[in-house]
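Descriptive analysis of the structure
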Amino acid sequence: MERTLSPTLSLQGRLRVPGDKSVTHRGLMLGTLAQGESLLRYPLKAGDTLSTAAVMRALGAEIVEQGKHFHIKGVGLKLLEPADILDCGNAGTLIRLVSGLLSGQPMFSVLTGDASLKRRPMGRVTKPLLQMGARIEGRDGGKLAPLAIRGGGLSGIHYEMPVASAQVKSSVLLAGLFADDDTEVVEPAPTRDHTERVFKHYGLPIEVEGRLVRTRRAEPFAARDLTVPGDISSAAFFIVAALITPESDVTLEGVGLNPTRTGLLRVLKEMGGDLTWEVTEGQEGEPVGWIRARSSVLKGVSVDPKLIPLMVDEVPVLAAAAAWASGETYIPGLEELRVKESDRVAAIAKNLQNLGVAVEVGPDWLRIQGGKVRAGAVEPFHDHRIAMAFAVCGLPTGVSVQDAEWASISFPTFWEDLERLSGKD
Ligand code: S3P
């Protein structure tokens, strides 16, 4: 479905974005491993996390919607052997984290997903899981899904991760809950730490020493309620939308402000963004607060590559901000963006060009000449964040977005929320 947006004159108001995708995936998985019943409050109910709920049900959990929440009846540490192939849809976080979980289970399971997921690299998780003793087969020597896993009998490892990836870290830590001996993961750079926080919330073994994270075999643990903060990666679209649209003043409420996720706020501030935020509560291990964004005159910057893991999903919308900034924005450290839901480096460049923006592309960098954006067509490349980021980029000029329904993978109310804040509903 194509959506055509006329030029947006102003964005005003307050918005509570849907629940955090990363925390929802983890809450569903840990609620499944727990004994007893719990409430996962304000989870994200969108394509990716509904895939996780379906996979957890196939492993024995009872998960039912209760108003805005999920009521989960856990299985405990010994999951049910699934009767069929497990479909992870478009969700990289699901397939990689659940590979770790299933590696710990003495049973047979097969994981697959959509066309995009079957192209994404799985060797980064199968390599350490094989080292721990899981038996995993997959296409291309175990590097691509479908993955067939026969788990159990794991030993702990000390694993120095070659890529800064929270999914890899989390996959190994989840397997570590079922391993003899300690399991240690060392990150090359800090990545989102939701798994560590959620383990702590449930009383599971977790120790953090700088960039080293350690866990060990879990004892049966009791279910506990968990509240999911609003997703800063979804808030990011409205933050940038408010900065680049004239006469705008938008406040995002109840947003997760975990410091391993706030890289974009720091870069937008440096670009001159009129942006304030405050942590107002600590919600079961995650800092939560508000962010206010107002129309701003932005200037191009050279982004510190160390910040990229702290804003990895926000690079498309940063590129949208850069398109409206005066001068040049250089964004290095983008090698991981090549293997997301789409090749995001290429998808960003193509969409910037569609909107008349000059861009140079390197293997792992983008150089964007800001200041000249014209109306045009957005091609999402089957990627939710590309669809939303470039819808935002085209707000002030007007834009048409093909396959606009891709937004529902992580932000089902995106289009409605946009209409409401722009006074068009
Ligand atoms: C995620 C980690 C990141 C991120 C993804 C969610 C997670 O992926 O891009 O959307 O929940 O752990 P990588 O681990 O591949 O960087």
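Computed from a predicted structure; not experimentally measured.

1. Regarding the pairing of strand 18 (residues 274–283)
Sheet topology note: the strand 18/strand 19 (residues 286–294) ladder contains nine bridges and is antiparallel. Across the sheet, Val279 pairs through a bridge with Gly289, a residue of strand 19. From the end of strand 18 to the start of strand 19, which pair antiparallel, there are two residues, and Glu284 there has a positive phi angle of about 45°.

2. Some points on the domain arrangement of the chain
In terms of domains, the chain is made up of domain 1 (3–19 + 230–421) and domain 2 (21–227). Taking the mean C-alpha position of each, domain 1 and domain 2 sit 28 Å from one another. Together domain 1 and domain 2 conceal approximately 2,200 Å² of surface at their shared face, both sides included; 46% is due to carbon and sulfur atoms. Along the contact surface separating domain 1 from domain 2 lie four salt bridges. The salt bridge partner of Arg120 is Glu341, with a shortest N-O separation of 3.8 Å. Remark: the boundary between domain 1 and domain 2 carries 15 residue pairs in polar contact (both at pLDDT 80 or more). Elements that contribute at least two residues to the side of domain 1 that touches domain 2 include exactly strand 19 and helix 12 (384–393). A per-class count over the side of domain 1 that touches domain 2 returns eleven nonpolar, eight polar and nine charged.

3. Brief notes about unusual backbone geometry
Backbone geometry follows two general trends: most residues other than glycine have a negative phi, and most peptide bonds adopt the trans configuration. Cis geometry is found at the peptide bond from Ala145 to Pro146, where omega equals 0°. Its place among the elements puts Pro146 in strand 9 (residues 144–150). In the Ramachandran plot, Phe381 falls in the positive-phi region, its phi being about 55° despite a non-glycine side chain. Locating Phe381 in the fold gives a position in the loop between strand 23 (376–378) and helix 12.

4. Some remarks on the nonpolar core
Ranked by size, the top nonpolar core spans 77 residues in total, and within it Ile239, Leu252, Leu268, Met271, Phe390 and Phe414 carry the most contacts. Among the elements that line this core, the one with the most residues is helix 8 (residues 232–244), at eleven residues. Contacts of Met271, omitting those with residues within four sequence positions, involve Val297, Leu298, Lys299, Val301, Leu318, Ala321, Ala322, Ala325 and Thr329. Among the nonpolar cores identified, the runner-up in size contains 62 residues, and Leu30, Leu97, Val168 and Leu177 belong to it.

5. Quick look at the site of the ligand
Taken together, the residues surrounding the ligand are Lys21, Ser22, Arg26, Thr93, Ser165, Ala166, Gln167, Arg192, Val312, Asp313 and Lys340. Contact distances for the ligand include 3.0 Å between an oxygen atom and a backbone N or O atom of Ala166. Between the ligand and Lys340, the relevant distance is 2.7 Å, taken from an oxygen atom to a side-chain nitrogen or oxygen of the residue. Looking at the shell around the ligand, the elements that each hand over two or more residues are helix 1 (21–33) and helix 6 (166–176). Among the elements that take part in the shell around the ligand, helix 1 stands out by supplying three residues, more than any other. Split into classes, the residues belonging to the shell around the ligand amount to two nonpolar, four polar and five charged.

6. Concerning helix 7 (residues 194–201)
Counting buried residues in helix 7 gives six out of eight residues, a clear majority hidden from the surface. Considered for burial, the residues of helix 7 that qualify are His194, Thr195, Glu196, Val198, Phe199 and His201. Once helix 7 ends, the next one or two residues include Gly203, with phi positive near 75°.

7. With respect to the sheet that holds strand 21 (residues 358–361)
Here we have three strands laid out as an open sheet, ordered 20-22-21, and antiparallel in their pairing. Across the chains shown, the open sheet's two edge strands, defined by having one partner strand only, are strand 20 (328–331) and strand 21. Strand after strand, the sheet turns through a mean of 15° between neighbouring axes, direction not considered. Relative to strand 22 (residues 366–369), strand 20 runs antiparallel, the two being bridged by four bridges. Bridging across to strand 22, Glu328 finds its partner in Gln369. Contacts from helix 11 (residues 344–354) reach strand 21 and strand 22, with the element oriented near 160° to strand 21.

Parameters at a glance
- Residues numbered from 1 in each chain as written.
- Predicted model: local features only at pLDDT ≥ 70, side-chain atom pairs only at ≥ 80, totals over all residues.
- Heavy atoms only, no water.
- Pairing = 2+ DSSP bridges.
- Helix = DSSP H or I, 4+ residues; strand = E, 2+ residues; numbered from the N terminus.
- Domains from an automatic or database assignment.
- Buried area = accessible area lost by both parts, 1.4 Å probe.
- Salt bridge = Lys/Arg side-chain N within 4 Å of Asp/Glu carboxyl O.
- Polar contact = N/O pair within 3.5 Å; in protein donor to acceptor, adjacent residues only side chain to side chain.
- Nonpolar A, V, L, I, M, F, W, Y, C, P; charged D, E, K, R; others polar.
- Core = buried A, V, L, I, M, F, W, Y, C linked by side-chain atoms within 4.5 Å.
- Buried < 20%, exposed > 50% of the residue type's maximum accessible area, 1.4 Å probe, protein only.
- Contact = heavy atoms within 4.5 Å.
- Near = heavy atom within 4 Å.
- Axes fitted to C-alpha atoms, helices over the stretch in contact; angles between N-to-C directions.

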